[in-house]
Amino acid sequence: MLTALTVLAVAAVAAPAQAQQLNLMTGPQGGAWYPLGGAMQAMASDAGLASIQVLPGGGIANVQGVQNGDADLGFGNSISTVDAIEGREPFEAEADNVCNVATLYPQYFQMVATQASGIATVEDFAGKRLNTQPVGNTAEQVVRAVLQTAGLSYDDMSAVDFVSYSDGVSLVQDNNSDILALGTTIPSSAVMDLANSADLTVIPLDEAFVERMRAEINPGYTSLTIPAGTYPGQDEDVNAVGYATHIVARCDLEAEIVEGLLTQMWENRQDLAAIASVMAGLSLEEMAQDIGVPMHEGATAFYEANGVAQ
């Protein structure tokens, strides 16, 4: 006859371990981060890794949430995450518990001007009218960095407007602005709208310029190519500065959880690409790239196990 103690012992062995509860901060509903988070939630659940609660958020808030322990994982933008690591504004102190997990896709910082304006380089911006997104948006941060690298500032412009994409397009169309600057994927629907009413020049930033931005301002910046034909009348490749959307985690989150989640993301990457088409063709080398944020030990283990040196 089984004693009560034996029954309890058998039950304890047979019962499955309760999945760890994790919080994943994403973005507002309507963007790509929120549904990508939902896909990651399903992957973790199906693999028995963890039970993930998907929360709305934003790049800066997510990094702060991970640092504070309010979140275990989050989506971020490489340049603002680097700002957190370095303790630069808008962060009040250096983030010491935020580690990189995977880079997912690039965001392209794009500057376009009407050909009629005669603007061909950043140095031509002096005395011109520029528009970008409101202060606090990533693109506005990049505008200031580009101008600083070129030895310019907002004071050198004849006008600067901080507006939405659509309002920025309207300003240029109505001849109330010369330059539209924005950060997004390519092709940008806003730039395409503008190209329907004006001949455009996509302003280049050569490799040396981007390297100066990395060295002098933020190592999270990267050099990207806007391929020829992306926009009407763009007959040649244009070099641009960009940054990466990536996943961060608490540095003290169990390595096995991070390695297991990456395994699921890689094996089911087609599900992620169905949500964000820019991820189609994503490689392990791209996921593991150095963006100026310390790599989580679980991520390092995953990439090394799959032949990607760290």
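Residues numbered from 1 in each chain as written. Predicted model: local features only at pLDDT ≥ 70, side-chain atom pairs only at ≥ 80, totals over all residues. Heavy atoms only, no water.

Here we come to the packing of aromatic side chains. To describe a pair of aromatic rings, you give the distance between the ring centres and the angle between the ring planes. For the coordinates displayed, the defined rule picks out three aromatic pairs. For the ring pair Trp-33 and Phe-75, a centre distance of 5.5 Å and an interplane angle of 25 degrees mean the geometry is stacked. Of the two residues, Trp-33 is situated in helix α2 (residues 33-46) and Phe-75 in strand β3 (residues 73-77); the sequence distance between them amounts to 42 residues. Arranged with centres 5.5 Å apart and planes meeting at 75 degrees, the rings of Tyr-154 and Phe-162 form a pair that is edge-to-face. Judged by its relative accessible area of 34%, Phe-162 falls in the partly exposed class. Stacked on the ring of Phe-209, the Lys or Arg Arg-212 has its end atom at 5.8 Å from the ring centre. We note Arg-269 situated over the ring of Trp-266; from NZ or CZ to the ring centre the distance is 3.7 Å. (Phe/Tyr/Trp six-rings, centres within 6.5 Å; stacked < 30°, edge-to-face > 60°. Helix = DSSP H or I, 4+ residues; strand = E, 2+ residues; numbered from the N terminus. Buried < 20%, exposed > 50% of the residue type's maximum accessible area, 1.4 Å probe, protein only. Lys NZ or Arg CZ within 6 Å of the ring centre and 35° of its normal.)

Along the chain, Ser-80 falls in helix α4 (residues 78-86). Within the structure, the side chain of Ser-80 is placed 3.0 Å from the backbone oxygen of Asn-77, a separation counted as a polar contact. In this structure, Ser-80 is in contact with Ile-60 and Phe-91, ignoring residues within four places of it in sequence. (Polar contact = N/O pair within 3.5 Å; in protein donor to acceptor, adjacent residues only side chain to side chain. Contact = heavy atoms within 4.5 Å.)

The predicted model of the protein chain has a mean per-residue pLDDT of 90, with 93% of residues at 70 or higher. Scored below 50 in pLDDT, residues 1-17 makes one contact in the model with residues more than four places away or belonging to other chains. (pLDDT = per-residue confidence, 0-100.)

The subject of this paragraph is helix α9 (residues 255-267). Each α-helix turn comprises 3.6 residues. Residues three or four places apart therefore point the same way. The terminal C-alpha atoms of α9 lie 18 Å apart, and with 13 residues this matches the ideal 18 Å at 1.5 Å per residue to within 8%. Of the positions making up α9, those classed as buried are Ala-255, Ile-257, Val-258, Gly-260, Leu-261, Leu-262, Gln-264, Met-265 and Trp-266. (Expected span 1.5 Å × (residues − 1).)

Enumeration over the complete set of coordinates arrives at one disulfide. Residue Cys-99 pairs covalently with Cys-251 via a disulfide, S to S 2.1 Å. Between Cys-99 and Cys-251 the disulfide shows an S-S torsion of about 100 degrees. By sign, it is right-handed. Remark: Cys-251 occurs in the loop between β10 (238-250) and α9 and Cys-99 occurs in strand β4 (residues 98-114); sequence separation between them is 152 residues. With relative accessibility at 23%, the residue Cys-251 sits in the partly exposed group. (Disulfide = S-S within 2.5 Å.)

Of the positions making up helix α6 (residues 165-173), those classed as buried are Gly-168, Val-169, Leu-171 and Val-172. Taken around the axis of α6, the buried residues stretch over an arc of 160 degrees, which confines them to a single face. Of the surrounding elements, those touching the buried residues of α6 are β4, β5 (129-132), β6 (159-162), β7 (179-184) and α7 (189-195). At the C-terminal side of α6, Asn-175 shows a positive phi close to 60 degrees. (Arc of directions from axis to C-beta.)

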